[in-house]
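Listed below, chain by chain, are the residues.
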Amino acid sequence: MSTNKKIYLAGPFFSPEQITRLDQIATLLAKNPTVATENIFRPNEHSYSDAEFGTFEWQTATFGFDIRQIDQADLVVAVLDYQTELGQFEPDSGTMWECGYAFAHNKPVILVRYKDDLPINLMLSGSATAIFNGEADLANLATYDFNTLQTKYVATKIY
């Protein structure tokens, strides 16, 4: 039976460029008929407001809430681009932790990256169900079947 999937959209949201990338991926996912548009969870849109940012209470509440959202999701879509506008290609460590958690809990992980000429970590690429690499390929998120989750890899360097 096919159903529209609930997605946890992982990715950094610490700069305007990062938020723009998440917005663009969310828009592509929302166009996809196999995605429950109202169930695309973005952590940056659900900040814990009952405590000051960075306090122990805030940290504990945020961590627990995000983990519960991954647990409830059908899969994780992770944006690997972090500080590429600063010439750095290493993905955000929090996003990578979320990918590892999802993989360990048998949740498919879909990796997306805007820059197609950068290497992807071996452990990330090995845990991915599908990789969308480069702006032209990202457009395929709007038509990818999240019910069948066909394996999709791309030729890229690994490290």
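Being a predicted model, the structure only gives us computed values, none of them experimental. (Residues numbered from 1 in each chain as written. Predicted model: local features only at pLDDT ≥ 70, side-chain atom pairs only at ≥ 80, totals over all residues. Heavy atoms only, no water.)

A.B. asks: It is not clear to me how the packing of aromatic side chains should be interpreted in this structure. Could you clarify?
C.D. replies: Note on aromatic pairs: each is described by the distance of the centres and the angle between the planes. The tally for this structure, following the rule as stated, stands at 9 aromatic pairs. Through successive ring pairs, a cluster of aromatic residues spans Tyr 8, Phe 41 and Phe 65. (Phe/Tyr/Trp six-rings, centres within 6.5 Å; stacked < 30°, edge-to-face > 60°.)

A.B. asks: I keep staring at the environment of Thr 60 and nothing clicks. Help me out?
C.D. replies: In this fold, Thr 60 is placed in helix 2 (residues 56-72). Considering only alpha carbons, one finds Thr 60 and Tyr 48, 12 residues apart in sequence, at a separation of 9.8 Å. (Helix = DSSP H or I, 4+ residues; strand = E, 2+ residues; numbered from the N terminus.)

A.B. asks: When you look at the sheet that holds strand 2 (residues 35-41) in this model, what are you seeing that I'm missing?
C.D. replies: Strands in a sheet are paired, the pairing made by backbone hydrogen bonds, and the direction either parallel or antiparallel. On the basis of which strands lie adjacent, the open sheet formed by 5 strands has the order 2-1-3-4-5 and parallel pairing. A strand with exactly one partner marks an edge of an open sheet, and here the two such strands are strand 2 and strand 5 (130-133). On average, adjacent strands in this sheet sit at an angle of 25° to one another, irrespective of strand direction. For strand 1 (residues 5-10) and strand 3 (residues 75-79), the ladder comprises 4 bridges, and the chain directions are parallel. Each bridged residue has a counterpart across the sheet, and for Leu 9 the counterpart in strand 3 is Val 77. Along the sheet face, helix 2 touches strand 1, strand 2 and strand 3 and points at about 140° away from the line of strand 1. (Pairing = 2+ DSSP bridges. Axes fitted to C-alpha atoms, helices over the stretch in contact; angles between N-to-C directions. Contact = heavy atoms within 4.5 Å.)

A.B. asks: Sorry if this is basic, but what is going on with the side chain of Ser 127 here?
C.D. replies: Along the chain, Ser 127 falls in helix 4 (residues 122-127). Among the polar contacts listed, one links the side chain of Ser 127 to the backbone oxygen of Leu 124, at a separation of 3.0 Å. Ser 127 has contacts with Phe 103 and Val 109, leaving out every residue within four places of it along the chain. (Polar contact = N/O pair within 3.5 Å; in protein donor to acceptor, adjacent residues only side chain to side chain.)

A.B. asks: What exactly am I supposed to notice about the nonpolar core here?
C.D. replies: Side chains of nonpolar character tend, in soluble globular proteins, to be buried together. Residues Leu 9, Ile 25, Leu 29, Val 77, Ile 110, Leu 141 and Phe 146 are the most contacted members of the largest nonpolar core, which totals 22 residues. Ranked by residue count, the leading element in this core is helix 1 (residues 16-31), at 5 residues. Look past the residues within four positions of Leu 9 in its chain and what remains in contact with it is Leu 22, Ile 25, Ala 26, Leu 29, Ile 40, Phe 41, Arg 42, Pro 43, Val 77 and Val 79. Among the nonpolar cores identified, the runner-up in size contains 19 residues, and Phe 41, Cys 99, Leu 124 and Ile 131 belong to it. (Core = buried A, V, L, I, M, F, W, Y, C linked by side-chain atoms within 4.5 Å. Buried < 20%, exposed > 50% of the residue type's maximum accessible area, 1.4 Å probe, protein only.)

A.B. asks: What should I look at first to understand the side chain of Asp 81 in this one?
C.D. replies: By secondary structure assignment, the location of Asp 81 is in the loop between strand 3 and helix 3 (93-104). The buried charged residue Asp 81 lacks any salt bridge partner; its closest oppositely charged side chain belongs to Arg 113, at an N-O distance of 4.1 Å. There is a polar contact of 2.5 Å between the side chain of Asp 81 and the backbone nitrogen of Tyr 114. When neighbours within four sequence positions are excluded, Asp 81 is seen to be in contact with Pro 12, Arg 21, Val 112, Arg 113, Tyr 114 and Lys 115. (Lys, Arg positive; Asp, Glu negative; His and termini not counted. Salt bridge = Lys/Arg side-chain N within 4 Å of Asp/Glu carboxyl O.)

A.B. asks: Is there a simple way to explain unusual backbone geometry in this structure?
C.D. replies: Glycine aside, residues mostly have negative phi angles, and peptide bonds mostly take the trans form. Within the chain, Asn 106 stands out as a residue other than glycine whose phi angle is a positive 60°. Mapped onto the elements, Asn 106 comes out in the loop between helix 3 and strand 4 (109-113). Its relative accessible area of 71% is what places Asn 106 among the exposed residues. With phi around 50°, Leu 149 is a residue other than glycine that occupies positive phi space. With respect to the helices, strands and loops of the structure, Leu 149 is situated in the segment after helix 5 (135-138).

A.B. asks: Hey, could you run me through the pattern of salt bridges in this one?
C.D. replies: Pairs can form between side chains of opposite charge once their charged atoms are near each other. Counted by the stated rule, this structure contains 4 salt bridges. Between Glu 45 and Arg 42 there is a salt bridge whose closest N-O contact spans 3.5 Å. Since its relative accessible area comes to 6%, Arg 42 is described here as buried. Salt bridges here are not isolated pairs; linked through shared partners, they connect Asp 23, Arg 42 and Glu 45.

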